Amino acid sequence: DHFMWEALVNYKDACDFTMTSVYPLTAAGPTPITHVGLFMDHARSQHRPNWPHWPFIQIFGGADCEGGKWKQPDPAEVRCMVYIALAHRANGIFYFSYWPKAPKTWASVGVLNRELRRMAPWLVAAGSELETKSSLPEVQVRARSVDHGKTGIVLVINTTAEPRYVAISVPQLPAEELKGLFDHHAFKPVKNRFTEKLGPYDTRAYTWGNEPQDEQ
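Residues numbered from 1 in each chain as written. Predicted model: local features only at pLDDT ≥ 70, side-chain atom pairs only at ≥ 80, totals over all residues. Heavy atoms only, no water.

Novice: Even after reading the chapter, I still don't get the side chain of S145, so can you show me in this structure?
Specialist: Following the sequence through the fold, S145 ends up in strand β6 (residues 139–146). Residue classification places S145 among the buried positions, given a relative accessible area of 7%. Of the polar contacts made by the side chain of S145, one reaches the backbone nitrogen of G149; its length is 3.2 Å. Once residues within four sequence positions are removed from consideration, S145 is found in contact with G127, S128, L130, T151, G152, P174 and W208. (Helix = DSSP H or I, 4+ residues; strand = E, 2+ residues; numbered from the N terminus. Buried < 20%, exposed > 50% of the residue type's maximum accessible area, 1.4 Å probe, protein only. Polar contact = N/O pair within 3.5 Å; in protein donor to acceptor, adjacent residues only side chain to side chain. Contact = heavy atoms within 4.5 Å.)

Novice: How should I be thinking about the packing of aromatic side chains in this particular structure?
Specialist: For any pair of aromatic rings, geometry is given as the distance between the ring centres together with the angle between the planes. Within this structure, the stated rule accounts for 14 aromatic pairs. Summarising the aromatic geometry, the rings of Y23 and W70 are spaced 6.2 Å apart at their centres and angled 90 degrees between planes, so their arrangement reads as edge-to-face. Here Y23 is found in the loop between β1 (18–21) and α2 (35–45), whereas its partner W70 is found in the loop between β2 (53–58) and α3 (75–87), with 47 residues between them in sequence. You can call Y23 buried: its relative accessible area is 19%. Put simply, the rings of Y23, F60, W70, F96, Y98 and W99 touch in pairs and so form one group of aromatic residues. (Phe/Tyr/Trp six-rings, centres within 6.5 Å; stacked < 30°, edge-to-face > 60°.)

Novice: Hey, could you run me through the packing of α3 against helix α4 (residues 103–124) in this one?
Specialist: When two helices pack together, their arrangement is given by the angle between the helix axes and by the axis-to-axis distance. The contact between α3 and α4 brings their axes to 9 Å, and the two run at 25 degrees. In terms of orientation, α3 lies roughly parallel with respect to α4. The crossing of α3 and α4 is right-handed. Counting all contacts with α3, which are made through P75, V78, R79, V82, Y83 and L86, the residues of α4 involved are K104, T105, S108, V109, V111, L112, E115, L116, M119 and L123. Classifying every residue of the contact of α3 with α4 by side-chain character gives eleven nonpolar, two polar and three charged. (Axes fitted to C-alpha atoms, helices over the stretch in contact; angles between N-to-C directions. Parallel < 35°, antiparallel > 145°, perpendicular 65-115°, else oblique. Left-handed = near helix turned anticlockwise from the far one by under 90°. Nonpolar A, V, L, I, M, F, W, Y, C, P; charged D, E, K, R; others polar.)

Novice: Even after reading the chapter, I still don't get the sheet that holds strand β11 (residues 193–198), so can you show me in this structure?
Specialist: Backbone hydrogen bonds are what pair the strands of a sheet, in a parallel or an antiparallel way. Spatial ordering of the open sheet is given by β5-β8-β11, a layout of three strands whose pairing is antiparallel. Looking along the sheet, the strands with just one partner apiece sit at the ends: β5 (133–134) and β11. Two elements, strand β8 (residues 164–169) and β11, share six bridges in a ladder whose sense is antiparallel. Its bridge partner lying in β11, Y165 is registered against K197. (Pairing = 2+ DSSP bridges.)

Novice: When you look at the pairing of strand β12 (residues 203–208) in this model, what are you seeing that I'm missing?
Specialist: Remark: a regular strand shows side chains that alternate across the two faces of the sheet. Buried residues dominate β12, accounting for six of its six residues. A two-sided burial pattern is seen for β12, the buried positions comprising T203, A205 and T207 on one face and R204, Y206 and W208 on the other. Here strand β7 (residues 151–158) runs beside β12; their pairing, made up of six bridges, is antiparallel. Residue pairing for β12: L155 is matched across the bridge by A205. Bridging between strand β9 (residues 178–180) and β12 involves two bridges; their strand directions are antiparallel.

Novice: I would appreciate a short explanation of the layout of surface pockets in the present structure.
Specialist: If you add up the space inside the largest pocket, you get close to 420 Å³. R89, A90, N91, L123 and V124 are the residues nearest the centre of the largest pocket, which is lined by 17 residues in total. Counting only elements with at least two residues in the lining of the largest pocket, the list comes to α4 and β6. Sort the elements by how many residues they give to the lining of the largest pocket and α4 lands first, with five residues. (1 Å grid on protein atoms, 1.4 Å probe; cavity = no way out; pocket = protein on both sides within 12 Å on 5 of 7 lines; lining within 4 Å. Points joined across faces, edges and corners; volume = space filled by probe spheres on them.)

Novice: Please clarify how the sheet that holds strand β3 (residues 94–96) should be interpreted in this entry.
Specialist: Ordered in space as β1-β2-β3, the three strands form an open sheet in which the pairing is parallel. Looking at the sheet topology across the chains shown, the edges are occupied by β1 and β3. Averaged over all pairs of adjacent strands, the angle between their axes in this sheet comes to 25 degrees, without regard to strand direction. Of the pairings in the sheet, the one linking β2 to β3 comprises three bridges and is parallel in character. By the bridge assignment, F56 is partnered in β3 with F94.

Quick look at the structure:
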C-alpha cells in the first residue's frame, strides 16, 4: 500500500496488485481531492490499463487525530472520494479510520456502502468502457456498457467545493433514457448529451436497462 507517488514506480516489479492511501484533507488546506484518482492512474501507467487497484479513502481527522493535522471529512467529501475512485475504475474500496470519531460521517459510510452494493452489478459484470466528455475538467464522468449495450451505468462527480453546471456527452450511449439509480427520476438525453446542476462534491449515478444478472 503506497502513499508516495514515486513508490508506485520504485516497487512496480514487486507486486501483483497495488493499493494507495491518498489522504487529501488536512487542517492546513486540502490537497486536490482528485489525487485519489490521479494515484490510481499513475499505478496503472506503470503496469497495464486494467491493472487491479484498491484505494484507501480518508474518513479520519479532527483535533484529536495526530495533533489536529487532518481535517475530519464530512459525508459529501467521503462520497466524492469514493465516486472519484469508481470513475477511475477502482476494483474495490477500503476506508481508513482510527476510530468512529465523527458519528455523522461514520453513519454516512453505511449508506454509501449500500449504494456501492447496489451499483456493483453494473461495475463488475463483463462490459466495456464508453467514451465520455465533460464540459468542465473538474467534473469527472464514467460510462460503462454491459450486455452488449442492453444495460449500463453513468457516473458524474463534481470534485470541487463549489456548485457546477456542466454538459455531459456520451457519444456512443446505447440508450434513449437514463434513470437515477438512487433518486429514481428519469430523463432522455438529447443526441447523447445532457446537462447537470451539481452541488459541492455532488455525485450522480444513472443506469439504463435492467440490472445485470450474475451468469453463475
